[in-house]
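# A closer look at the structure
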Amino acid sequence: MTKRTAQIRRLFAQLRKNLQAANPTPEPSDATLEARWLGCVLVWPELWSEGKLPLDAFQRPAHRLLFEAMMTVKQSGAECNDVPKLKAQLSQRGVGQQQVGLLLQEVMAAGGDFPQFDYYVELLRRRLAEREQAEQQVGGSGEIVRLEVGGGSPFQEFTTEELLAEQQPDEWLIPGVLLRHEPGVICGPSKCLKSSIAVDLGGALATGGKFLGEFAAKRAFRVGFVSGTCKRRALTDLAHRWGESRDEKPQLVWSLTGDDLTEAKSLLHLRKWIAQHQLEVVLIDPQQLSSLPKRAQATQLQTLVRCCLQSGATPIVCCETRKQIRPRAMDVADMASAACDGFARQWLLLNRRQTYQPGSGEHRLWLTIGGDAGQDGLWGVDVRVGDFERRAWTTTVRDTCSLRDEAAAHEVESLHERLESKVRLAFTNLAGGKITKTKVRDQCGMNGVKFAAAWDRLVAAGKIKLAPGSTGASLYPQYQWIESAEPNNEPVRSEASVAATKDNNAVQSDRGSKETTAVPTDRTTEKANVPRPDREVEKSQPVRSDRTAEKTNAARPDRAAEKSKPVRSTQPRQENKCGPVPSPEPQRGGAKAAQG
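So, a few notes on the structure that sits alongside this text.

What counts and what doesn't
By convention here, each chain's residues receive numbers from 1 onward along its written sequence. Only residues with pLDDT of at least 70 get local features here, since the model is predicted, and only at 80 or more are side-chain atom pairs given and counted; chain-wide, interface and lining totals rely on the full set of residues. Based on all heavy atoms of the structure, the side-chain values leave hydrogens and waters out of the count. Aromatic pairs are defined between Phe, Tyr and Trp rings, using the six-membered ring for Trp, whenever the two ring centres lie within 6.5 Å; interplanar angles under 30 degrees are classed as stacked, those over 60 as edge-to-face, and all others as tilted. Labels follow the DSSP assignment, with helices taken as runs of H or I lasting at least four residues and strands as runs of E lasting at least two, numbered in each case from the N terminus. What makes two residues a contact is simply this: any of their non-hydrogen atoms within 4.5 Å. Pairs of N or O atoms within 3.5 Å make up the polar contacts considered here, provided that, within protein, one atom can donate a hydrogen while the other can accept it, and that residues adjacent in sequence are counted only when both atoms are side-chain atoms. One requirement defines pairing of two strands: DSSP has to find at least two bridges between them. Axis definition: a line fitted to C-alpha atoms, over the contacting stretch in the case of helices. Angles run 0 to 180 degrees between N-to-C directions. The cut-offs for exposure are 20% and 50% of the maximum accessible area for each residue type, with area from a 1.4 Å probe on protein chains only; residues under the lower value are buried, those over the upper are exposed, and the others partly exposed. What a helix should span is 1.5 Å times the count of its residues minus one. Small angles under 35 degrees read as roughly parallel and large ones over 145 as roughly antiparallel, with 65 to 115 read as roughly perpendicular and the rest as oblique. Classes in brief: Ala, Val, Leu, Ile, Met, Phe, Trp, Tyr, Cys and Pro nonpolar; Asp, Glu, Lys and Arg charged; the others, Gly included, polar. We call a set of buried Ala, Val, Leu, Ile, Met, Phe, Trp, Tyr and Cys residues a nonpolar core when their side-chain atoms join them within 4.5 Å. Salt bridges are counted wherever a side-chain nitrogen of Lys or Arg sits within 4 Å of a carboxyl oxygen of Asp or Glu.

### Details of the packing of aromatic side chains
Taken as a whole and judged by the stated rule, the model has 14 aromatic pairs. An aromatic cluster is built from W37, W48, F58, F67 and F117, whose rings are joined through pairwise contacts.

Here it is, written out as structure tokens:
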């Protein structure tokens, strides 16, 4: 810049001071002041080095994006007003071509004046210093002291046209999931993988990959992760497992502290840390705030969120619900018990679908996505973390349709487990005695249908077997419980088939015993259809005498009369010369005929 130009600028500055002293005018708003500074630099790029400002000097998100793009173009060796390169940089940051044109038009129409450029720089630096001073005046309770910069009203007034004109296009971190410059939360009950999901989210945003292997980030962002030093080991393990699953390391900037994050010095360090690394997203896992009451925790979380937003970064906070929730999908009403309910504008709600089984290494979760921008969705997430020796990180996202059958199968499995527990308890209570199927059923207290199904299932699984020395052919077989058994591949028989088999075995056993007996019994003799007088019977059993037979016939005369089939005589066979004596014919006519 020439010597004469410098003299002209000094004269204008002096004239401006004299005019302000004579006719004081209100100072322009932050948005107008930022637009005028940007317009001057776009027209006169040589002013960049003279009036260079830090990123925190710009409060409006669109102006911050344009300043970042100009800074990137300048660092590449080109002029900061190279419009094609500016458009390319803004496009990478999620701003469309039409929005880029409107933004440049707005900045150029703000009325930036070359002679007043030093005045713009002075005001912007002064207001930045006032904001930093306000942050340093944070009390121990977390309450922020408000400074009315420029002496304006604490209320922002707009007409409908101005409100619609000020509306900026949505800038997505992950389309349909998370927006930029809107505070977000990862909320859920204790021990439902909130920190693990936060690390996965940060890694996906930092590398431009996919969150949970399903939701793609818009581009790669500069991401920071803030937590307590007590979680260093867990976060290191999470980062290592995430890197191995993706074959790349998560490009995060970590900041761990043991101090109170809401203290004045911590907030000042957080601002400088965000500005130093030019962070666009900050994930916060405030472990040290979980023991505070809800109101104090909410106040301190709001302080952290405000600090990140004023520094130009999108805060995403891990927040725990104040009560435990049974395994089910969460909704917005469940956030009422959490400290993040007052500031959350978008949310990822986590809860378990099923209770975790120790040693399985598998977590089945519900993920509910929502926000003020209209994003909405419900998914199931299966997380495989491996075992103690082989740690892993594998995620699978499932839609709700595929989970309906899983829910029904889980209910059936739970019912089977309850019935199995009852049967096992019955075997335990009956230990030391004869354990039959009937006794087990009575001990369980189930109805016949449930018990039969449970019994057949346990027999097929090999958990119920016959006791040593007992056979299925016996009328009341005894059983034993097998703790660890291999599944039985034999088909399971129903109650009817088992009963029929028992009857057949009993009949066959009786027949075998009768065939081995030398002399048939009276019942066998009565059932004979054809008399065999010529067959000689060996007397192996005592035979009733004639007097006994007469008493029997006399006592039951009607029974002898009702028999229509010939009955073999109980008298011993007598041989004569004419041959064997034939059996007497059955007498008819009732009791009198029998006595005659």
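### What about the environment of R64?
Inspection of the secondary structure puts R64 in helix α4 (residues 61-75). Residues R64 and S311 lie 247 residues apart in sequence; the distance between their C-alpha atoms is 9.9 Å. Ignoring anything within four residues of it in the chain, the contact list for R64 reads L55, D56, F58, Q59, Q310, S311 and G312. One polar contact links the side chain of R64 to the main-chain carbonyl oxygen of F58, over a distance of 3.0 Å.

### Side note on the sheet that holds strand β8 (residues 281-285)
Overall, mixed pairing links the nine strands, which are arranged β7-β6-β8-β9-β3-β10-β11-β12-β13 in an open sheet. Taken across any chain shown, the strands that pair with only one partner, and hence form the sheet edges, are β7 (252-257) and β13 (391-398). Strand-to-strand twist of the sheet, defined as the mean angle between neighbouring strand axes without regard to direction, takes the value 20 degrees. Where helix α10 (residues 232-246) meets the sheet, it contacts β6 (223-228), β7, β12 (376-386) and β13, and its direction lies at approximately 65 degrees from that of β13. The sheet strands contacting helix α11 (residues 264-277) are β6, β7 and β8, and the helix crosses β7 at an angle near 165 degrees.

### Here we look at the pairing of β8
Among the five residues in β8, five count as buried, and that is most of the element. Alternating residues of β8 divide into V281, L283 and D285 and V282 and I284, and every residue in both groups is buried. Judged from the five bridges that link them, β6 and β8 form a sheet pairing that is parallel. For F225, the partnering residue across the bridge sits in β8 and is L283.

### Section: helix α12 (residues 294-310)
Between its terminal C-alpha atoms α12 stretches 24 Å, which fits the 24 Å expected from 17 residues at 1.5 Å a residue. Among the residues of α12, Q297, A298, Q300, L301, T303, L304, V305, C307, C308 and Q310 are the ones counted as buried. Phi turns positive, to about 90 degrees, at G312, one or two residues after α12.

### Digging into the environment of A264
By the element assignment, A264 lies in helix α11. A relative accessible area of 26% places A264 in the partly exposed class. The spatial distance from the C-alpha of A264 to the C-alpha of A134 is 9.7 Å, given a sequence separation of 130 residues.

### Regarding the packing of α4 against helix α6 (residues 97-108)
Where α4 contacts α6, the axes come no closer than 11 Å and their chain directions differ by 95 degrees. The angle between α4 and α6 falls in the class roughly perpendicular. Along the contact surface, α4 presents A62, H63 and L66, while α6 presents L103, L104, E106 and V107. Of the residues in the contact of α4 with α6, the class split is five nonpolar, one polar and one charged.

### Regarding the nonpolar core
Counting 39 residues, the largest nonpolar core has L201, L205 and F211 as the members making the most contacts within it. By residue number, the principal contributor to this core is helix α9 (residues 194-207), which donates seven residues. Those residues within four positions of L201 in sequence are excluded, and the remaining contacts are I174, L178, I186, F211, L283, I316 and L348. Counting residues in hydrophobic clusters, the runner-up holds 37 residues, among them W48, L86, V121 and L123.

### Here we look at the pattern of salt bridges
What the rule picks out here adds up to 19 salt bridges. R328 serves as the salt-bridge partner of D334, at 3.0 Å between the closest nitrogen and oxygen. Linked by salt bridges that have partners in common, E171, R180, R219, R222 and E280 make up one network.

### So, the side chain of T321
Mapped onto the elements of the fold, T321 is located in the loop between β9 (314-320) and β10 (346-352). Accessibility expressed as a relative area gives 4% for T321, which makes it buried. Once you skip the residues sitting within four places of it in the chain, T321 turns out to touch C187, G188, P189, M330, D334, S337 and A338.

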